[in-house]
Amino acid sequence: MAYRNATFKTKTVNESLNQHFKDDKVTIKAAPLVLTTELLRVFTKESLTRAADQAKKEGSSSVSIEHFEKTLTQLLLDM
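Residues numbered from 1 in each chain as written. Predicted model: local features only at pLDDT ≥ 70, side-chain atom pairs only at ≥ 80, totals over all residues. Heavy atoms only, no water.

Peer 1: Would you take a moment to explain the packing of helix α2 (residues 30-57) against helix α3 (residues 65-78) for this structure?
Peer 2: Two quantities define a packed helix pair, namely the angle between the axes and the distance from one axis to the other. Packing of α2 against α3 brings their axes to within 9 Å, and their N-to-C directions diverge by 130°. Judged on the interaxial angle alone, α3 and α2 are oblique. Between α2 and α3 lies a crossing of right-handed hand. Together, Phe 43, Glu 46, Ser 47, Leu 48, Arg 50, Ala 51, Gln 54 and Ala 55 of α2 and His 67, Phe 68, Lys 70, Thr 71, Gln 74, Leu 75, Leu 76 and Asp 78 of α3 make up the contact between the two elements. When the residues that make up the contact of α2 with α3 are grouped by side-chain class, the tally is seven nonpolar, five polar and four charged. (Axes fitted to C-alpha atoms, helices over the stretch in contact; angles between N-to-C directions. Helix = DSSP H or I, 4+ residues; strand = E, 2+ residues; numbered from the N terminus. Parallel < 35°, antiparallel > 145°, perpendicular 65-115°, else oblique. Left-handed = near helix turned anticlockwise from the far one by under 90°. Contact = heavy atoms within 4.5 Å. Nonpolar A, V, L, I, M, F, W, Y, C, P; charged D, E, K, R; others polar.)

Peer 1: For this particular structure, what's the right way to read α3?
Peer 2: Because an α-helix completes one turn every 3.6 residues, residues spaced three or four positions apart along the sequence face the same direction. Here α3 contains 14 residues, and its C-alpha end-to-end distance of 20 Å stays within 8% of the 20 Å for a straight helix at 1.5 Å per residue. A maximum bend of about 40° is found in α3 at Leu 72. Residues of α3 that are buried: His 67, Thr 71 and Leu 75. The inward-facing, buried residues of α3 contact α2. (Expected span 1.5 Å × (residues − 1). Bend = angle between axes of the 7 residues up to and from the residue. Buried < 20%, exposed > 50% of the residue type's maximum accessible area, 1.4 Å probe, protein only.)

Peer 1: I keep staring at the pattern of salt bridges and nothing clicks. Help me out?
Peer 2: Where side chains of opposite charge bring their charged atoms close, a pairing between them can arise. Counting across every chain of the model gives four salt bridges. A salt bridge links Glu 38 to Arg 41; the nearest nitrogen and oxygen atoms lie 2.7 Å apart. One end of the pair, Glu 38, and the other, Arg 41, are both in helix α2, three residues apart, so they sit about a helical turn from each other. With relative accessibility at 23%, the residue Arg 41 sits in the partly exposed group. (Salt bridge = Lys/Arg side-chain N within 4 Å of Asp/Glu carboxyl O.)

Peer 1: Explain the environment of Lys 70 to me, please; I cannot follow it from the model alone.
Peer 2: Relative to the helices and strands, Lys 70 resides in helix α3. Separated by 19 residues in the primary sequence, Lys 70 and Ala 51 have C-alpha atoms spaced 7.8 Å apart. Other than its neighbours up to four places away in sequence, Lys 70 contacts Gln 54 and Glu 58. A distance of 2.6 Å separates a polar atom in the side chain of Lys 70 from a polar atom in the side chain of Glu 58. (Polar contact = N/O pair within 3.5 Å; in protein donor to acceptor, adjacent residues only side chain to side chain.)

Right, dumping it as structure tokens:
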């Protein structure tokens, strides 16, 4: 599978976070940025895995938004 080692770029995560800061002087240091990027990767991978499992349980050959919606509540509680 080509996407097995997919990840987020720290620069992309940094820019996304900076868009939501009200003060332009706020910056994120390298170590917290790397940890935030890894957390985002793990959360996304777990979400995809749970949605795929849900689709398989329902006998579907593809994952739809409904599969994500069915697993999101428990995922958020588990985190």
